[in-house]
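# Structural description and commentary
What follows is the residue order along each chain.
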Amino acid sequence: QVQLVESGGGLVQAGGSLRLSCAASGTIFRINVMAWYRQAPGKQRELVATIISGGTTNYADSVKGRFTISRDNAKNTVYLQMNSLKPEDTAVYYCNAKGLESIVRPFDYWGQGTQVTVSS
C-alpha cells in the first residue's frame with residue numbers, strides 16, 4: 001500500500017500565499033503522476049494541477065499563473081505553491097498519486113485532504 005500525507009493548509013487573506021506538501025510512502029516502485037485536486041462545499045472535486053515524472057505540468061485555467069506544482073522524486077513528494085489566493089480558492093485540497101507498487105501492480109491513492117480557507 002501507499003500512504004499520502006498532506007500538510008500546509010490553513011487560513012490566509014486574499015492575495016496571500018500558501019504552500020502545500022504531499023509525501024508518499026509505502027510500497028512504491030514508481031510514481032508516474034502526482035496531482036492536486038480540490039473540492040469546495042457543494043461542488044464536485046476538480047483537478048487543480050498535475051505533474052508527471054519527467055516534470056511536465058498541467059494546470060486548471062482558474063489557477064494558471066498563480067499556482068505552481070513541483071515534485072521531489074527522491075522524496076516522493078509533491079508541492080503546490082499557491083500565490084495571489086482568492087476567496088474562490090477556498091476548498092479542501094487533495095493529493096493524488098498514480099504509479100506502480102511493483103512492475104505488475106498499479107496504484108491510485110488519495111491523501112486525506114487539507115483545508116485551505118481564503119478570507120476576503
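In what follows, the structure referred to is the one given above.
Note that the structure is a prediction, hence the values are computed from the model and not measured.

What follows is about the nonpolar core. Among the nonpolar cores identified, the biggest contains 30 residues, and W36, L80, M82 and Y93 are the most heavily contacted of them. Looking at this core, the elements with two or more residues in it are β1 (2–7), β3 (18–26), β4 (30–39), β5 (46–52), β7 (67–72), β8 (77–82), β9 (91–102) and β11 (114–119). Not counting residues within four places of it along the chain, the set of residues in contact with L80 comprises L18, R19, L20, W36, V48, A49, F67, T68, I69 and Y93.

As a further point, take the state of the cysteines. Overall, the coordinates contain 1 disulfide when judged by the stated rule. The residue that forms a disulfide with C22 is C95, at a sulfur-sulfur distance of 2.1 Å. A torsion of -80° about the S-S bond marks the disulfide between C22 and C95 as left-handed. A residue pair is termed long-range when its members are at least 10 positions apart, and C22 in strand β3 and C95 in strand β9 qualify at 73 residues. Relative accessible area serves as the criterion here: at 0%, C22 is assigned to the buried category.

Conventions adopted
- Residues numbered from 1 in each chain as written.
- Predicted model: local features only at pLDDT ≥ 70, side-chain atom pairs only at ≥ 80, totals over all residues.
- Heavy atoms only, no water.
- Core = buried A, V, L, I, M, F, W, Y, C linked by side-chain atoms within 4.5 Å.
- Buried < 20%, exposed > 50% of the residue type's maximum accessible area, 1.4 Å probe, protein only.
- Helix = DSSP H or I, 4+ residues; strand = E, 2+ residues; numbered from the N terminus.
- Contact = heavy atoms within 4.5 Å.
- Disulfide = S-S within 2.5 Å.

Geometry only, nothing functional implied.
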